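Tertiary structure, described
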Amino acid sequence: MIGFCRSLACVAFALLALDVAMAQAQTGYPDRPVKIIVPIGAGGSYDLVGRHLADVLSKRTGQAFFVENKPGAGTVVGTQAAAQSEADGYTLLVGGLSNMAFNFALYSKLGYDPRKDFTPVALVYKFGYVMVARKDLPQARLQDIVAAARASPGAITVATAGVGTGQQLIAAAFMKAAGIKLLEVPYKGSPPAFTDLLAGRVDLFFDSIAAGLPYVQSGQARGIAVLSSKRSALAPDVPTMSEAGVPGLDVDSWLGIFAPAKTPPEAIAKLRREIRAALPDLKERFEKSGGEAWDLPDDKLDAFVASEYDSWTKLIRETGIKLD
């Protein structure tokens, strides 16, 4: 009996020691370099967010955070690699509308499920979109454009930056909200779309405020409306869609950090604390890129990401846009 009790005591002591060791390991996170996968090549908003966060988190934690660019199939290759990584807090992912909301509906077969394979850690960056028009378009206001498109469906053209891109999906969201049909003219990226818009060969284009505003400010194109719920500080004279006559179309692109599902909650909590504390240092950097730092409360993260997934999946399926 005494020997049995001693055995139980040994087991209890071992379990206690294991709990203490695990707690120490978790509170010591991170104790080795942390990889942030950016699912596109160098440059662009995903890369910008990943590198700025890696910089501030390295300084705050004293441990190296580094970016690994894994481009391919849009954002699919890098995102799938992150989903298949060990859920230990040492592999993170920059996630946004493309890989967390668009892809699941755009592809018939996708190697990851954004709802099941990832946990949102923090959303830190957002930027708005603007509708720009060729400078000599006869319809100078949004209401005039909508009226003309209703009178002659397909007579007004809209450039897109490729199938499944944010620019195409935002154009689709606008057409649905306004109840009109525009003639889509596909391009391989934004630069050639802007080239033809400035040359007057296409009527409209949707792109980020940072990309479109310089052409508006120089007089080469006309700013029709921004798609955010409020006017942009970068373009205060350009009305919102609601102000201009198409209510209910509030679209912001967002980016943040995601971790593989089942990442230890202690690591998630530590990351959230450090990222939130770093946001003041990121504010100026993000504003220079045409966006803004964003601090979405932790208790709203899951619901927000789920709502974005649901609304964009519904739109994509209704339009029939596919990438395979």
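Here goes a summary of the coordinates provided. (Residues numbered from 1 in each chain as written. Predicted model: local features only at pLDDT ≥ 70, side-chain atom pairs only at ≥ 80, totals over all residues. Heavy atoms only, no water.)

A look at helix 10 (residues 265-288)
- Compared with an ideal rise of 1.5 Å per residue, which puts 24 residues at 34 Å, helix 10 spans 33 Å between its outermost C-alpha atoms and is within 8% of the ideal.
- If you look at helix 10, its biggest bend is around 55°, right at Asp281.
- In the segment just after helix 10, Gly290 is the residue with positive phi, at about 95°. (Helix = DSSP H or I, 4+ residues; strand = E, 2+ residues; numbered from the N terminus. Expected span 1.5 Å × (residues − 1). Bend = angle between axes of the 7 residues up to and from the residue.)

A closer look at the layout of surface pockets
- Approximately 870 Å³ is the volume found for the largest pocket.
- Put simply, the parts of the chain that give the lining of the largest pocket at least two residues each are helix 2 (44-61), helix 4 (97-106), strand 4 (118-134), helix 6 (166-178), strand 7 (204-208), helix 8 (209-217) and strand 9 (252-260).
- Counting residues per element, the lining of the largest pocket draws most heavily on helix 4, at five residues.
- Counted by class, the lining of the largest pocket contains 18 nonpolar, 17 polar and one charged residues.
- Estimated volume of the second largest pocket: approximately 710 Å³.
- What lines the second largest pocket is a set of 30 residues, and nearest its centre among them are Phe127, Gly128, Ser228, Val251 and Asp252.
- Listing elements by their share of the lining of the second largest pocket, those giving two or more residues are strand 4, helix 6, strand 9 and helix 11 (298-319).
- No other element matches helix 11, which puts six residues into the lining of the second largest pocket.
- When the residues that make up the lining of the second largest pocket are grouped by side-chain class, the tally is 13 nonpolar, seven polar and ten charged. (1 Å grid on protein atoms, 1.4 Å probe; cavity = no way out; pocket = protein on both sides within 12 Å on 5 of 7 lines; lining within 4 Å. Points joined across faces, edges and corners; volume = space filled by probe spheres on them. Nonpolar A, V, L, I, M, F, W, Y, C, P; charged D, E, K, R; others polar.)

Structural notes on the pattern of salt bridges
- The full count for this structure, using the stated rule, is 19 salt bridges.
- Notably, a salt bridge pairs Asp203 with Arg134, separated by 2.6 Å at the nearest N-O pair. A residue pair is termed long-range when its members are at least 10 positions apart, and Asp203 in the loop between helix 7 (190-198) and strand 7 and Arg134 in strand 4 qualify at 69 residues. Of the two residues, Asp203 and Arg134, neither departs from the other in class, the shared state being buried.
- One salt bridge in this structure joins Glu243 and Arg231, with 2.8 Å as the shortest N-O distance. With Glu243 in helix 9 (residues 241-244) and Arg231 in the loop between strand 8 (221-226) and helix 9, this residue pair connects regions lying twelve residues apart in the sequence.
- The network of salt bridges with common partners includes Lys35, Glu68 and Lys70. (Salt bridge = Lys/Arg side-chain N within 4 Å of Asp/Glu carboxyl O. Buried < 20%, exposed > 50% of the residue type's maximum accessible area, 1.4 Å probe, protein only.)

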